[in-house]
Amino acid sequence: MFQHNTYKSNKECHMAKKVTISIPDMLHEKLEKWRESFNLSKMFQDAVTDAIQKKEEFQKRIREDLDLGQIIERLRQEKIQSEGDSFDRGKNDGFQWAKSAHYDDLQYVLQWNDLENAQKDPLLGDYFSKIYSSNRFLKRETYYNGDYFLNYLKGWKQGIEQFWDEVREKL
């Protein structure tokens, strides 16, 4: 353990407070070799002052921009809208796909439920891989939990189901 007194110049403050810090043995050994080359109190003061200043500036920016609760609510609404847009895009794409799909493929998709593995599906994998790679909003890497792609797939399937509901009685 390394102990030292921190102090401020007379211009900054008249009182000095003693602070004890702990450092790993390896760092202590190196510090002992170079101790005369550093003003440890000044280095510590500068580092702590900088860290506190950054935190205070961040809190000030948040207070000045908007109340944090308002920011969270805005982001929550934007997330809901984006996920809804993803679902609607999928629904439209599913309906369009169904209009030109083979009867057997339609029957397959109506029974298909493995949305999490859509890109690996033997019939649909290539189709979804192309859509996925061409739309940055659907990529799992773009959004933390992949909700956008999953919502797209749910919409896609619903678009096909709605198409099927319209045509099945007429076949």
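Residues numbered from 1 in each chain as written. Predicted model: local features only at pLDDT ≥ 70, side-chain atom pairs only at ≥ 80, totals over all residues. Heavy atoms only, no water.

Below, the discussion takes up the packing of aromatic side chains. Here the structure, examined in full by the defined rule, presents 10 aromatic pairs. When the ring of tyrosine 127 is compared with that of tryptophan 156, the centres are 5.7 Å apart and the planes differ by 45°; the resulting orientation is tilted. Remark: tryptophan 156 occurs in helix H6 (residues 147-167) and tyrosine 127 occurs in helix H5 (residues 125-134); sequence separation between them is 29 residues. Residue class for tryptophan 156 comes out buried when judged on its relative accessible area of 0%. Ring centres of phenylalanine 149 and tyrosine 152 lie 6.4 Å apart, and the angle between their planes is 5°; this geometry places the pair in the stacked category. Note that phenylalanine 149 and tyrosine 152 are positioned in helix H6 at a spacing of three residues, about one turn of the helix. Three or more aromatic residues joined by ring pairs make a cluster, and in this case those are Trp97, Trp112, Tyr127, Phe128 and Trp156. (Phe/Tyr/Trp six-rings, centres within 6.5 Å; stacked < 30°, edge-to-face > 60°. Helix = DSSP H or I, 4+ residues; strand = E, 2+ residues; numbered from the N terminus. Buried < 20%, exposed > 50% of the residue type's maximum accessible area, 1.4 Å probe, protein only.)

This part takes up helix H3 (residues 68-100). Here H3 is 33 residues long and its end C-alpha atoms lie 49 Å apart, about the 48 Å a rise of 1.5 Å per residue gives. Within H3, the full set of buried residues consists of Ile71, Glu83, Ser86, Gly90, Gly94, Trp97 and Ala98. Packing partners of the buried residues in H3 comprise helix H4 (103-111), H5 and H6. (Expected span 1.5 Å × (residues − 1). Contact = heavy atoms within 4.5 Å.)

Another point: the pattern of salt bridges. In this structure the tally under the stated criterion is seven salt bridges. Two residues, aspartate 50 and lysine 54, come together in a salt bridge whose shortest N-O distance is 3.3 Å. Here aspartate 50 and its partner lysine 54 are both found in helix H2 (residues 40-65), four residues apart, which amounts to about one turn of the helix. Overall, aspartate 50 belongs to the partly exposed group, its relative accessible area being 37%. (Salt bridge = Lys/Arg side-chain N within 4 Å of Asp/Glu carboxyl O.)

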